[in-house]
Amino acid sequence: MKSVFVFGVLLIAVVYPLCAQQWSVQDSLRLHRLLEQEEQPRLNPDALRELEQIFMGKPNVDTSRPWMEFNPILPHISPKPKARLTLRPYSANTPYNWDPVYQRKIDIDRPKGMTIPRLAGGVSPSGYSLMAIFTRDFWDRKGKRRRARTLEVLRTYGDSITVHVKNMSIDAK
């Protein structure tokens with residue numbers, strides 16, 4: 001079945017182009033009139049020159065590169081710094097006096113007079129943070145224990161080093 005289908009497709013692919021190549025009477029009359037004319041048919045002189053160079057001499061190689069030449073018509077434009085459009089232009093590495101959007105330095109004048117004291121870290125005037133229960137550290141009991149144990153080990157380690165250094169300095173005297 002498959003071979004019959006392939007044979008049919010090939011037959012159609014060959015038959016249709018052959019049917020299109022039939023010579024008609026009008027085609028013969030046009031050719032006869034063209035051959036009876038005494039004047040030579042006009043051909044493209046550039047094509048004739050190119051054919052002469054190909055068959056009679058060496059081919060002409062075009063070495064000009066007009067796309068690489070300077071175009072004096074174009075205006076001279078100095079590149080302007082582009083503004084960076086991001087959702088988070090400031091990062092941890094942004095200097096305090098640098099504007100990352102306009103890519104330029106900012107002149108920051110700090111007041112010399114009185115400053116308003118601010119509460120650090122959202123601590124209320126009583127000294128307790130009312131927002132502490134909403135933080136992860138507040139509920140991380142194991143982490144608090146690990147941190148306390150680490151600090152304790154570091155204190156004893158630091159004491160043992162200082163004691164050892166003190167003993168060496170006493171022995172050296």
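Computed from a predicted structure; not experimentally measured.

Attention now goes to the overall build of the protein. Secondary structure assignment for the protein yields five helices and two strands. Along the protein, from the amino end to the carboxyl end, the secondary structure elements read α-α-α-β-β-α-α. Within the span of the protein, comprising 173 residues, buried residues form 3% of the whole. Sequence-distant contacts in the protein: of pairs separated by 6 or more residues, those separated by 24 or more amount to 0%. Total accessible area on the protein is roughly 18,400 Å²; 62% of this is exposed by carbon and sulfur atoms.

So, on to the pattern of salt bridges. A side chain with one charge may pair with a side chain of the opposite charge, provided their charged atoms come close. Under the criterion given, the structure shown has three salt bridges. The salt bridge involving Arg 30 is made with Asp 27; its shortest N-O contact spans 3.3 Å. One end of the pair, Arg 30, and the other, Asp 27, are both in helix H2 (residues 25-36), three residues apart, so they sit about a helical turn from each other. Classification of Arg 30 as exposed rests on a relative accessible area of 53%. For the salt bridge of Arg 49 with Asp 46, the shortest nitrogen-to-oxygen distance reads 3.1 Å. Of this pair, Arg 49 and Asp 46 both sit in helix H3 (residues 45-56), separated by three residues, roughly a single helical turn. Using a relative accessible area of 46% as the deciding quantity, one classes Asp 46 as partly exposed.

Moving on, we get to a nonpolar patch on the surface. On the surface, a nonpolar cluster with roughly 700 Å² of combined accessible area is contributed by Leu 43, Leu 48, Leu 51, Ile 54, Phe 55 and Met 56. Residue Leu 43 is classed as exposed on the basis of its relative accessible area of 58%.

The next subject is the side chain of Asn 97. Residue position: Asn 97 is located in the loop between H3 and strand S1 (98-99). Beyond its immediate chain neighbours, meaning those up to four positions away, Asn 97 contacts Arg 104, Lys 105, Ile 106 and Ile 108.

Positioned with a positive phi, Gln 103 is a non-glycine residue whose angle comes to about 55°. In this fold, Gln 103 is placed in the loop between S1 and strand S2 (104-105).

Next up on the list: the packing of aromatic side chains. With the rule as written, the count across this model stands at one aromatic pair. Between the aromatic rings of Phe 138 and Trp 139, the centroid separation amounts to 5.0 Å while the plane-to-plane angle is 85°, which identifies the pairing as edge-to-face. For Phe 138, a relative accessible area of 33% puts it in the partly exposed group. Of the residues examined, Trp 139 reaches a relative accessible area of 57% and is grouped as exposed.

Looking now at the side chain of Asp 99. With respect to the secondary-structure elements, Asp 99 resides in strand S1. Within the buried core, Asp 99 has no salt-bridge partner, and the shortest N-O distance to an opposite charge, that of Arg 104, equals 4.7 Å. Beyond its immediate sequence surroundings of up to four residues, Asp 99 is in contact with Tyr 90, Arg 104 and Ile 106.

Taken together, the side chains of Arg 141, Lys 142, Lys 144, Arg 145, Arg 146 and Arg 147 define a basic patch exposed on the protein surface. Among the secondary structure elements, Lys 144 is positioned in helix H5 (residues 141-172).

Before going further, it helps to examine H2. With twelve residues, H2 should reach 16 Å at 1.5 Å per residue; the first-to-last C-alpha distance of 17 Å fits that figure. Taking burial as the measure, the twelve residues of H2 include zero buried ones, a minor fraction of the element.

Parameters and conventions
Residues numbered from 1 in each chain as written. Predicted model: local features only at pLDDT ≥ 70, side-chain atom pairs only at ≥ 80, totals over all residues. Heavy atoms only, no water. Helix = DSSP H or I, 4+ residues; strand = E, 2+ residues; numbered from the N terminus. Buried < 20%, exposed > 50% of the residue type's maximum accessible area, 1.4 Å probe, protein only. Contact = heavy atoms within 4.5 Å. Areas by Shrake-Rupley, 256 points an atom, 1.4 Å probe, with all protein chains shown as cover. Salt bridge = Lys/Arg side-chain N within 4 Å of Asp/Glu carboxyl O. Patch = residues over 30% accessible without salt bridge, like charges linked within 9 Å, V, L, I, M, F, W, Y side chains within 5 Å. Phe/Tyr/Trp six-rings, centres within 6.5 Å; stacked < 30°, edge-to-face > 60°. Lys, Arg positive; Asp, Glu negative; His and termini not counted. Charge placed at Lys NZ, Arg CZ, Asp CG, Glu CD. Expected span 1.5 Å × (residues − 1).

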